[in-house]
Amino acid sequence: MSNIVDPLVGRIAARVRTERERRRWTLAQLADVSGVSQAMISRIERGESSPTAVVLGKLSAAFQLSIASLLALAEGTPDDSLSATGVRRRTDTAEWRDPGTGYRRRQITGPRFPAEVAEIRLPAGAQVPYPAAAFAFVRQVVWVLEGRLTFHDGDTVHELDAGDTIELGEPAERVFVNTTDTECRYAVILTRGTRP
């Protein structure tokens with residue numbers, strides 16, 4: 001793993017453990033609610049395994065947090081908690097990489113900003129499915145910045161090109177797919193709600 005990713009794996013581990021303990025759940029209870037094996041959750045919490053985007057989707061749904069919220073909490077730095085404004089340099093922002101697909105995610109806004117904005121890079125041929133519960137309690141827009149995104153919103157499929165946006169409605173199973181031979185870069189804009 002690169003130096004950019006290593007610290008983030010540890011912060012994701014700590015955030016998953018914190019969210020589980022905050023609810024006073026055992027590993028077995030989180031496994032039951034999320035559908036992720038107890039062994040995998042244990043490896044994630046110990047920082048021994050970087051979760052895939054699909055696993056993060058299942059865990060965030062169990063916590064009733066968006067994937068963006070779970071990762072934003074993990075990606076936050078001590079400086080983020082002190083100031084809601086100011087310059088955030090690209091080199092100071094952690095990037096999370098899905099070990100299964102190569103999907104990369106970088107949080108653009110800090111934790112005190114009233115909306116979450118993340119930049120996603122979806123490699124050629126990659127597909128990332130999320131359960132409907134991962135989209136509960138949030139309002140979200142996907143904005144394609146470069147490339148082409150095939151977006152499955154429940155049973156409906158949308159072909160989105162650079163500049164296209166889609167505002168998501170009620171929670172549904174969703175799949176982000178790049179059927180092209182070049183990377184697709186898009187932004188996810190999410191309004192923050194009250195955390196459970």
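The following paragraphs examine the structure supplied in this document. Starting afresh in each chain, residues are numbered from 1 along the sequence in its written order. This being a predicted model, a pLDDT of at least 70 is required before a residue's local features are given, and a value of 80 or more before pairs of side-chain atoms are given or counted; all residues contribute to the totals for chains, interfaces and linings. Side-chain numbers come from the whole structure's heavy atoms, not from hydrogens or water.

### Description of the side chain of S60
Helical segments are the DSSP runs of H or I of at least four residues, strand segments are the runs of E of at least two, and each set is numbered from the N terminus. Note that S60 resides in helix α4 (residues 53-63). Note on classification: 1.4 Å probe, protein chains only; a residue is buried when its accessible area is under 20% of the maximum for its type, exposed when over 50%, partly exposed between these limits. Given the relative accessible area of 0%, S60 is considered buried. Polar contacts here mean pairs of N or O atoms no more than 3.5 Å apart (in protein, one a potential hydrogen donor and the other a potential acceptor; neighbouring residues in sequence count only if both atoms are side-chain atoms). Engagement of the side chain of S60 in a polar contact is seen with the backbone oxygen of G57, the distance being 3.0 Å. Excluding residues that lie within four positions of it along the chain, S60 makes contacts with L65, S66, I67, L70 and A134. A contact between two residues is defined here by any heavy atoms of the two lying within 4.5 Å.

### Quick word on the packing of aromatic side chains
When two rings of Phe, Tyr or Trp (its six-membered ring) have centres within 6.5 Å they constitute a pair, described as stacked for plane angles under 30 degrees, edge-to-face for angles over 60, and tilted for the intermediate range. Under the defined criterion, the tally for this structure stands at six aromatic pairs. Pairing W25 with F63 gives two aromatic rings, centres 6.0 Å apart and planes at 20°, and the pair type is stacked. With W25 in the loop between α1 (5-22) and α2 (27-34) and F63 in helix α4, this residue pair connects regions lying 38 residues apart in the sequence. For F63, a relative accessible area of 1% gives the class buried. Between W96 and Y103 the ring centres are 5.8 Å apart and the planes differ by 70°, which places this aromatic pair in the edge-to-face class.

### Points about the sheet that holds strand β6 (residues 148-153)
Paired strands, as defined in this entry, are two strands with at least two bridges between them according to DSSP. With antiparallel pairing, the four strands of this open sheet are ordered in space as β4-β9-β6-β7. The open sheet terminates on both sides in strands that have one partner only, identified here as β4 (127-130) and β7 (156-161). Direction aside, the axes of adjacent strands within the sheet are offset by 15° on average. Relative to strand β9 (residues 174-177), β4 is paired through four bridges, and the arrangement is antiparallel. Paired with Q127 across the strands is V177, a residue of β9. A fitted line through C-alpha atoms serves as each axis, taken over the contacting stretch for helices, and the angle formed by two N-to-C directions is quoted from 0 to 180°.

### Notes on the nonpolar core
A general trend in soluble globular proteins is that nonpolar side chains are found buried together. Nonpolar cores are built from buried Ala, Val, Leu, Ile, Met, Phe, Trp, Tyr and Cys residues. Side-chain atoms within 4.5 Å join them into one set. L59, L122, Y130, L149, F176 and Y186 are the most contacted members of the largest nonpolar core, which has 41 residues in total. Ranked by the residues each element gives to this core, the list is headed by α4, at seven residues. Setting aside residues up to four positions removed in sequence, L122 forms contacts with Y103, V128, L149, F176, V177, N178, E183, C184 and Y186.

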